[in-house]
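So the chains spell out like this:
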Amino acid sequence: MAEALLKVAGLHAFYGESHILHGMDFEIRQGEVATLLGRNGAGKTTTLRAIMGIVGQRQGSVSFEGTETIGLTSNKIAKMGIAYCPEERGIFASLNVEENLLLPPVVKPGGMPVEEIFELFPNLKTRLYSQGTKLSGGEQQMLAIGRILRTGANLLLLDEPTEGLAPVIVQQIGAVIRKLKEKGLTILLVEQNFHFAATVADRHYIVEHGRVIDMIPNAEAEANLGKLHTYLGV
Ligand code: ATP
């Protein structure tokens, strides 16, 4: 079995006095797409933030390419090659598409060139001089993913990239995730939409009360639909 690119073991996270993650355990291999699935408030977003080093306090182990990241700053973690696209997308509303793409620091050599980002998202090229505020929800999401590709990260943490988007845009985002996987990138995706997750992922980790309670390979998802519906409360 290939070595894990990211290995999370016994991860606890706290916001002040609130203890949110209670010993998360999971791993992702190089080139895989994995999802964190679970109900609202289960701790999925907090897990991404804890991997990135932007929660109040973390305990346990998050090892990336064999290096322990607990104790490192989020800046150092980003430079190791992990990038985070938050649910609220994190683009600069007052800057245009081109400026948004040129602004992020290229934290590793080999950040994706802007032209390659336009090949993935042709819409963005036609909107080059449009401000962030003038973009549709789908275009904003594409720009947000484009920005993190500029960093040269090889592990992408995507928080609900399809939320609130029309089905045709959701399909486009799915196609891009599959292309990024073909390019060798590794992706950890937080999703509420299991049907979308099943079109892109290799495996699903089920999160409940700040722990991973099950892992379902995507190939076995169909056979486990009843179980998944119970976990997700749908
Ligand atoms: P959702 O899809 O609703 O975002 P989630 O599984 O991503 O769900 P989290 O956002 O990780 O869940 O939230 C887990 C718990 O942590 C929730 O009870 C939430 O209220 C709490 N929480 C989140 N952010 C903070 C914060 N900044 N301070 C205190 N508690 C927080």
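Keep in mind that what you see is a predicted model, and the values were worked out from it rather than measured. (Residues numbered from 1 in each chain as written. Predicted model: local features only at pLDDT ≥ 70, side-chain atom pairs only at ≥ 80, totals over all residues. Heavy atoms only, no water.)

**Topic: the packing of aromatic side chains**
- Using the criterion set out here, one finds one aromatic pair in the structure.
- Relative to Tyr-205, the ring of Phe-26 has its centre 5.3 Å away and its plane inclined at 45°; by these criteria the two rings are tilted. Of this pair, Phe-26 sits in strand β2 (residues 18-29) while Tyr-205 is found in strand β9 (residues 203-208), placing the two residues 179 residues apart along the sequence.
- Judged by its relative accessible area of 5%, Phe-26 is buried. (Phe/Tyr/Trp six-rings, centres within 6.5 Å; stacked < 30°, edge-to-face > 60°. Helix = DSSP H or I, 4+ residues; strand = E, 2+ residues; numbered from the N terminus. Buried < 20%, exposed > 50% of the residue type's maximum accessible area, 1.4 Å probe, protein only.)

**Side note on the site of the ligand**
- Surrounding the ligand, one finds Tyr-15, Ile-20, Arg-39, Asn-40, Gly-41, Ala-42, Gly-43, Lys-44, Thr-45, Thr-46, Glu-160 and Gln-192.
- Separating an oxygen atom of the ligand from a backbone N or O atom of Gly-41 is a distance of 2.8 Å.
- A distance of 3.4 Å separates an oxygen atom of the ligand from a polar side-chain atom of Glu-160.
- In isolation the ligand exposes 630 Å². Once the protein is present, 59% of that is buried.
- Classifying every residue of the shell around the ligand gives three nonpolar, six polar and three charged. (Near = heavy atom within 4 Å. Polar contact = N/O pair within 3.5 Å; in protein donor to acceptor, adjacent residues only side chain to side chain. Areas by Shrake-Rupley, 256 points an atom, 1.4 Å probe, with all protein chains shown as cover. Nonpolar A, V, L, I, M, F, W, Y, C, P; charged D, E, K, R; others polar.)

**Some thoughts on the packing of helix α6 (residues 137-150) against helix α7 (residues 167-182)**
- α7 packs onto α6 with a crossing angle of 15° between their chain directions and a minimal axis gap of 10 Å. The pairing of α6 with α7 is recorded here as roughly parallel in orientation. Here α6 and α7 pass one another in a crossing that is right-handed. The segment α6 lies against α7, with Gly-138, Gln-141, Met-142, Ile-145 and Leu-149 engaging Ile-169, Gln-172, Ile-173 and Leu-180. (Axes fitted to C-alpha atoms, helices over the stretch in contact; angles between N-to-C directions. Parallel < 35°, antiparallel > 145°, perpendicular 65-115°, else oblique. Left-handed = near helix turned anticlockwise from the far one by under 90°. Contact = heavy atoms within 4.5 Å.)

**Points about the sheet that holds strand β4 (residues 57-64)**
- Spatially, four strands are ordered β2-β1-β4-β5 in an open sheet, and the strand pairing comes out antiparallel. Looking at which strands have only one partner, the edges of the open sheet turn out to be β2 and β5 (67-68).
- Across seven bridges, the pairing between strand β1 (residues 4-15) and β4 is antiparallel. Looking at the pairing, His-12 lines up with Gln-59 of β4. (Pairing = 2+ DSSP bridges.)

**A look at the pattern of salt bridges**
- The final tally for this structure, using the stated rule, is seven salt bridges.
- In this structure, Glu-139 engages Arg-127 in a salt bridge whose closest nitrogen and oxygen atoms are separated by 3.2 Å. On the criterion of sequence distance, the pair formed by Glu-139 in helix α6 and Arg-127 in the loop between α5 (122-126) and α6 is long-range, its members being twelve residues apart.
- Classification of Glu-139 by relative accessible area gives buried; the value is 12%. (Salt bridge = Lys/Arg side-chain N within 4 Å of Asp/Glu carboxyl O.)

**Section: the nonpolar core**
- Membership of the largest hydrophobic core comes to 37 residues, with the highest contact counts inside it found for Leu-149, Leu-156, Ile-177 and Leu-180.
- Listing elements by their share of this core, those giving two or more residues are β6 (82-85), α3 (97-102), α4 (114-120), α6, β7 (155-159), α7, β8 (186-191) and α8 (194-200).
- When residues no more than four places from it in sequence are discounted, the contact partners of Leu-149 are Gly-111, Met-112, Ile-117, Leu-120, Leu-156, Leu-180 and Leu-185.
- Core analysis: the next-biggest nonpolar cluster, separate from the first, contains 30 residues, Ala-34, Val-55, Met-80 and Leu-157 among them. (Core = buried A, V, L, I, M, F, W, Y, C linked by side-chain atoms within 4.5 Å.)

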